[in-house]
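An overview of the molecular structure
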Amino acid sequence: MSRSPSLPDRPRLDLDPEMSEAERLAAIRQHYERLVSVNDELDERLSEATDRQEELREEVEKLKRRNETLKTSSLYLATVEELTDDGVVIKQHGNNQEVLTEASPHLDSELEAGDRVAINDSFAIQQILDDETDSRAQAMEIDDSPEVAYEDIGGIDDQVREVREAVEDPLKSPEMFEEVGVDPPSGVLLYGPPGTGKTMLAKAVANETDATFIKMAGSELVRKFIGEGSRLVRDLFDLAAEREPAVIFIDEIDAVASKRTDSKTSGDAEVQRTMMQLLSEMDGFEERGEVRIMAATNRFDMLDEAILRPGRFDRLIEVPKPDVEGREHILRIHTREMNVADDVDFGEIAASLEDYSGADIAALATEAGMFAIRDGRTEIRREDFDDAYEKIEDADEQTTIPGPTTYQY
Ligand SMILES: Nc1ncnc2c1ncn2[C@@H]1O[C@H](COP(=O)(O)OP(=O)(O)OP(=O)(O)O)[C@@H](O)[C@H]1O
């Protein structure tokens, strides 16, 4: 705020007793003229201040009115798609219509593509919603461009091919399916032990198709309050429709889609409601555009068959632990960026890793690197892999950190 200029000095009247009558009169007259001029100056300042006060009052009134309109009129939700020279392209939630619009001047510099915003009746952007406002973001992991590529996944080539056929092809060339006259699978269920690359597969296919990856853990859907779980399911599908093309990935789907138990506790009823909502979203799924749905479970045996019916999760892909060749491939992937001595025989190491999952092999590679660092070396040797193996096996016995997992499913 600028400071106002200092006030004029107060004029002083100096009368010398030596002065003649005429001189005194002249001095008094001069003093009077100075007083008048200071007075004029002060008057002018006062009138300027009054004008400014009036201006500020008008501004306050304007802001108050705007605030009232913001508070009373309903605003609609939209997502910023693109900032162009001609304005801001937004996509409305609900009807998915794209609109070219503008933002209030005070928001202009802050807007970014991907922001959730509130718009008024004439589509003008009124507010940027922060993540707190977006409660959905808290339960979901949203990744506009996941970094996993197919080359990062080892030992499950058949599964990669099947996922590409079932998810990537319908997203990339829907017209092929139309022309041939077959419906692409509605949902793809990946099942198998933990740490075998199910999440990686879903991320890689989203990456390949430039789709937004939206992950929700089934356990997140099991909520305390009635209706919360089914609301989240609705939100999940709405969000995917807003962000299409999108890949929805529900991990641990068994948490909401287990076989019905006989117990009639209210918690079970709530889980049932959440599952029913999931089924109804999947049944009305066709009109949702470029959205594919994938899910994963380690407990295939627990699943309620209702979710496996045609039109729901109708493509089942088993993702097992890797065989010896797969293990070698995964080991090579995870040591790609590491400085490994030339004489390390990955085939031999892989042969000793019976029952290791991809995640176990990733942990082994990192651990081997740590042993080299602890030894003050920058090159990883065979002995580091042996030490890492021993450490993981020991830990597995004591179950302090998860080692290779033997899993029944
Ligand atoms: N087939 C694989 N190829 C390469 N790395 C793998 C593979 N499987 C697992 N990994 C490694 O293990 C990590 C965890 O894998 P991922 O999350 O995909 O497993 P998941 O099958 O989804 O496990 P969960 O059932 O526990 O969710 C990956 O980030 C990767 O480092």
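Values in this document were obtained by computation on a predicted structure and should not be read as measured data.

1. Considerations on the nonpolar core
- Formed by 29 residues in total, the largest nonpolar core has its most connected members in Leu-236, Phe-237, Ile-248, Ile-250, Ile-253, Ile-307 and Phe-313.
- When residues of this core are traced back to their parent elements, those giving at least two are strand 8 (212-217), helix 7 (228-242), strand 9 (246-251), helix 8 (266-283) and strand 10 (291-297).
- Take this core: its biggest share by element is six residues, from helix 7.
- Counting 24 residues, the second-largest nonpolar core is a separate cluster that includes Val-163, Phe-249, Met-294 and Ile-317.

2. Focus: the side chain of Thr-212
- Counting through the fold element by element, Thr-212 comes out in strand 8.
- Here Thr-212 falls in the buried class, since its relative accessible area comes to 7%.
- A polar atom in the side chain of Thr-212 sits 3.4 Å from the backbone oxygen of Arg-243.

3. Considering the site of the ligand
- As a matter of local geometry, the ligand sits amid 17 residues, with Gly-154, Gly-195, Lys-198, Thr-199 and His-334 nearest to it.
- Within the backbone of Thr-196, one N or O atom sits 3.1 Å away from an oxygen atom of the ligand.
- Asp-251 is positioned such that a nitrogen or oxygen atom in its side chain is 3.4 Å from an oxygen atom of the ligand.
- Coverage of the ligand by the protein amounts to 78% of the 630 Å² it exposes when considered alone.

4. Side note on the UniProt feature "binding site: ATP" (unreviewed entry) in the chain
- Following the UniProt record, the feature "binding site: ATP" (unreviewed entry) maps to Gly-195, Thr-196, Gly-197, Lys-198, Thr-199, Met-200 and His-334 here.
- With respect to the secondary-structure elements, Gly-197 resides in the loop between strand 7 (187-191) and helix 5 (198-208).
- Its relative accessible area of 11% is what places Gly-197 among the buried residues.
- Looking at the secondary structure, you find Lys-198 in helix 5.
- Among residues more than four places away in sequence, those in contact with Lys-198 are Leu-190, Tyr-191, Gly-192, Pro-193, Phe-249, Ala-296, Thr-297, Asn-298 and Val-319.
- Within the structure, the side chain of Lys-198 is placed 3.3 Å from the backbone oxygen of Gly-192, a separation counted as a polar contact.

5. Here we look at helix 5
- Along helix 5, the residues that are buried comprise Lys-198, Leu-201, Ala-202, Lys-203, Ala-204, Val-205 and Ala-206.
- On its buried face, helix 5 is in contact with strand 6 (140-143), helix 3 (157-172), strand 7, strand 8, strand 9 and strand 10.
- One or two steps after helix 5, the chain reaches Asp-210, where phi turns positive at roughly 55 degrees.

6. With respect to the sheet that holds strand 4 (residues 116-119)
- Ordered in space as 3-2-1-4-5, the five strands form an open sheet in which the pairing is antiparallel. One side of each edge strand has no neighbouring strand; the edge strands of this open sheet are strand 3 (98-101) and strand 5 (125-129). Shown here is a sheet whose adjacent strand axes are inclined to one another by a mean of 40 degrees, direction ignored.
- Both strand 1 (residues 76-84) and strand 2 (residues 87-92) contribute to a ladder of six bridges, which runs antiparallel. Bridging across to strand 2, Ala-78 finds its partner in Gln-92.

7. Some words on the packing of aromatic side chains
- Evaluated as defined, the whole model comprises four aromatic pairs.
- Aromatic side chains Tyr-191 and Phe-300 sit 4.2 Å apart centroid to centroid with 20 degrees between the ring planes, which places their arrangement in the stacked category. Taken together, the residues Tyr-191 in strand 7 and Phe-300 in the loop between strand 10 and strand 11 (313-318) connect sequence positions 109 residues apart.
- An angle of 20 degrees between the planes, with centres 6.1 Å apart, marks the rings of Tyr-356 and Tyr-389 as stacked. Pair noted here: Tyr-356 is in the loop between helix 10 (346-352) and helix 11 (358-374) and Tyr-389 is in helix 12 (residues 382-398), with a separation of 33 residues, a long-range link.
- The class for Tyr-356 is buried, based on a relative accessible area of 1%.
- Between the NZ or CZ atom of Arg-374 and the centre of the ring of Phe-371, over which it lies, the distance is 4.8 Å.

Basis of the calculations
Residues numbered from 1 in each chain as written. Predicted model: local features only at pLDDT ≥ 70, side-chain atom pairs only at ≥ 80, totals over all residues. Heavy atoms only, no water. Core = buried A, V, L, I, M, F, W, Y, C linked by side-chain atoms within 4.5 Å. Buried < 20%, exposed > 50% of the residue type's maximum accessible area, 1.4 Å probe, protein only. Helix = DSSP H or I, 4+ residues; strand = E, 2+ residues; numbered from the N terminus. Polar contact = N/O pair within 3.5 Å; in protein donor to acceptor, adjacent residues only side chain to side chain. Near = heavy atom within 4 Å. Areas by Shrake-Rupley, 256 points an atom, 1.4 Å probe, with all protein chains shown as cover. UniProt positions renumbered as here; feature names shortened; annotations may be inferred. Contact = heavy atoms within 4.5 Å. Pairing = 2+ DSSP bridges. Axes fitted to C-alpha atoms, helices over the stretch in contact; angles between N-to-C directions. Phe/Tyr/Trp six-rings, centres within 6.5 Å; stacked < 30°, edge-to-face > 60°. Lys NZ or Arg CZ within 6 Å of the ring centre and 35° of its normal.

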